[in-house]
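One-letter residues, chain by chain:
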Amino acid sequence: MALLIGVPKETAAEEKRVATVPDVVEKLVKLGFSVAVESGAGDAANFADDTYRAAGAEVLPTAAELWAKSDIVFKVRAPSPAEVGLMREGGTLISFIWPAQNPELMQQLAGRGATVLAIDSLPRQLSRAQKMDALTSMAGISGYRAVIEAANAFGRFFNGQITAAGKIPPAKVFIAGAGVAGLAAIGTAANLGAIVRANDTRAEVADQVVSLGGEFVKVDYEEEGSGGGGYAKVMSEGFQQAQREMYAKQAKDADIIITTALIPGKPAPKLITAEMVKSMKPGSVIVDMAGEQGGNCELTVPGEAVVRHGVTIIGYTDLVSRLAKQSSTLYATNLWRVSEELCKTKDGVINVNMEDDAIRGLTVIKDGNITWPPPPPKLPAVAPQAKPAAVAAAAPKGHGHGAGAPMSTKSLVTMFGAGALAFGLVGLYAPASFLAHFTVFVLACFIGNMVIWNVTPALHTPLMSVTNAISSIIAIGALVQVAPPLIAGAGVDRPSQLILGLAVVALALTAVNMFGGFAVTRRMLAMFRK
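Because the structure is predicted, anything quoted here is derived from the model rather than measured. (Residues numbered from 1 in each chain as written. Predicted model: local features only at pLDDT ≥ 70, side-chain atom pairs only at ≥ 80, totals over all residues. Heavy atoms only, no water.)

1. Describing the overall build of the protein
Turning to step 1, where the next piece is worked out: Secondary structure assignment for the protein yields 17 helices and 19 strands.
Turning to step 2, where the next piece is worked out: Burial statistics for the protein: of 530 residues in total, 40% are counted as buried.
Turning to step 3, where the next piece is worked out: Long-range contacts, defined as pairs at least 24 residues apart, comprise 61% of the intrachain contacts of the protein with a sequence gap of at least 6.
Turning to step 4, where the next piece is worked out: Accessible surface, the protein as shown: approximately 28,400 Å² in total, 62% of it carbon and sulfur. (Helix = DSSP H or I, 4+ residues; strand = E, 2+ residues; numbered from the N terminus. Buried < 20%, exposed > 50% of the residue type's maximum accessible area, 1.4 Å probe, protein only. Contact = heavy atoms within 4.5 Å. Areas by Shrake-Rupley, 256 points an atom, 1.4 Å probe, with all protein chains shown as cover.)

In structure tokens form, the structure reads like this:
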């Protein structure tokens, strides 16, 4: 029997998101589920009840009725104690839970005999889990919105302009933390024309920062900062001191600071001190995206925008909800992907397979038993690299050379001597026409080796497309065959019908190769332009 998925209205203060949207309702129905939505659940995200009905969902008038009827409940925020009380015994809940921060909630849900999948516990290091990764979806939106809030509070242009009234310098934006949210903020600020600088404890993100138009500011202290799962780790005191010095320098120069630093299961690290805020120019802005976990700035007031020492400090905890329609759509898609993994038979019945690493990581409670934290996922083993083959030492003395060993002088001289002899014989006895073609062939082999074989594989596709187009110069040979019939009377022998036909076909094919090659090259190069 097909299960019913229920989507209640979110009860958390200022939460405007909804756990599914009409477009996704249709996809859930195709998986075999029935869907019910509480009346008004999507109003704050501009999804009216009628749009849910049109997509095939039932609209129920009250939360109590929806919780009582639903086999599976989709939510955004973790349920309140009152909502846990409404949940049916043995039901399934898919939502943000944050089990490390909510041990009491975990006990309450276990007491209902529930099966709970915490979307925040997804093992993000699994490549196939990316389609279910709601943390990444929401972080990207919050990073974008942080820049919009900063622009609203800043009071002047982000991009530099030269006007009749004078020159306007571009805004200087510093972003602390280059995770998903930070990278989204970098791209947004750079697209608005600001000068963007960013820092992160993970050195590997430097290239990503630069690719989005920012400048990576390195801390003058060597230490690896990757903590696994896409997060940073707690750094040593020496690194933190060097980092504070760098932040103090950036605070004096920046017009806008956006902080995104979070460490799972711990309060947000304090990166921007009160002294740094005092050193900033009047009218500057700080957007503290870690406000919900205490904030990265000492003067942040969670949920509010305040002015301290002439600097506006924004500590909003609902950045994602401020783009409710977009965030609801992405979150609903993430939950639909989870549903696909749970219901591979498409019959509306879920199978919480604890042997599946992704599902095991998501499942924090199974049939009333707390299963969090999960064991580390079984990542695919890296195939051991083959040991280099034995080289010259393994070969009998005087019998050639081992794999990878340099060629001996004697062998080199012998090879070049044989080649020179072969070329000499060709030059002495071959017809002049053959010699000309043979010379072109040898030069073509040499050039092909230099421009194709020795080129980085990453460049092969655009390079091959343009060289294919250039190589279509062979069309000239076909033109030579087609031309005589067109210039009758010039004393030129007319080719046979077969040769003429082949020449026409060759012209058609090389024309496709020429124009197609240049078109492909142009499209590929456009991918690297802003």
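Here the narrative resumes, following the displayed structure.
2. Quick look at the sheet that holds strand β9 (residues 172-176)
Turning to step 1, where the next piece is worked out: Here we have 7 strands laid out as an open sheet, ordered β11-β10-β9-β14-β15-β17-β16, and mixed in their pairing. Among the strands making up the open sheet, the edge pair consists of β11 (215-216) and β16 (305-308).
Turning to step 2, where the next piece is worked out: Note: β16 against strand β17 (residues 311-314), 4 bridges, orientation antiparallel. Residue Val306 lies in a different strand from β17, and its bridge partner there is Ile313. (Pairing = 2+ DSSP bridges.)

3. Focus: the sheet that holds strand β19 (residues 369-370)
Turning to step 1, where the next piece is worked out: Across the sheet, which stays open at both edges, the 8 strands sit in the order β3-β2-β1-β4-β5-β6-β18-β19 with mixed pairing between neighbours. The two strands at the open ends of the sheet, each matched to only one other strand, are β3 (58-60) and β19.
Turning to step 2, where the next piece is worked out: The sheet contact formed by strand β2 (residues 34-38) and β3 spans 3 bridges and is parallel. Bridge pairing in β3 places Ala36 opposite Glu58.

4. Focus: helix α6 (residues 134-154)
Turning to step 1, where the next piece is worked out: When the terminal C-alpha atoms of α6 are compared, their 30 Å separation across 21 residues agrees well with the 30 Å that a helix rising 1.5 Å per residue should span.
Turning to step 2, where the next piece is worked out: With a side-chain oxygen positioned 3.3 Å from the backbone nitrogen of Leu135, the residue opening α6 is Asp133. (Expected span 1.5 Å × (residues − 1). Polar contact = N/O pair within 3.5 Å; in protein donor to acceptor, adjacent residues only side chain to side chain.)

5. Examining the pattern of salt bridges
Turning to step 1, where the next piece is worked out: Counted by the stated rule, this structure contains 27 salt bridges.
Turning to step 2, where the next piece is worked out: A salt bridge links Glu149 to Arg322; its shortest N-O distance comes to 3.3 Å. Of the two residues, Glu149 is situated in helix α6 and Arg322 in the loop between β17 and α11 (324-342); the sequence distance between them amounts to 173 residues.
Turning to step 3, where the next piece is worked out: Lys278 serves as the salt-bridge partner of Glu275, at 3.6 Å between the closest nitrogen and oxygen. With Glu275 and Lys278 both in helix α10 (residues 274-279), this residue pair falls 3 residues apart, about one helical turn.
Turning to step 4, where the next piece is worked out: On the accessibility criterion, Glu275 (55% relative accessible area) is exposed.
Turning to step 5, where the next piece is worked out: Given a relative accessible area of 46%, Lys278 falls into the partly exposed group.
Turning to step 6, where the next piece is worked out: Each member of the salt-bridge network shares a partner with another, and the members are Arg128, Lys131, Glu341, Lys344 and Asp356. (Salt bridge = Lys/Arg side-chain N within 4 Å of Asp/Glu carboxyl O.)

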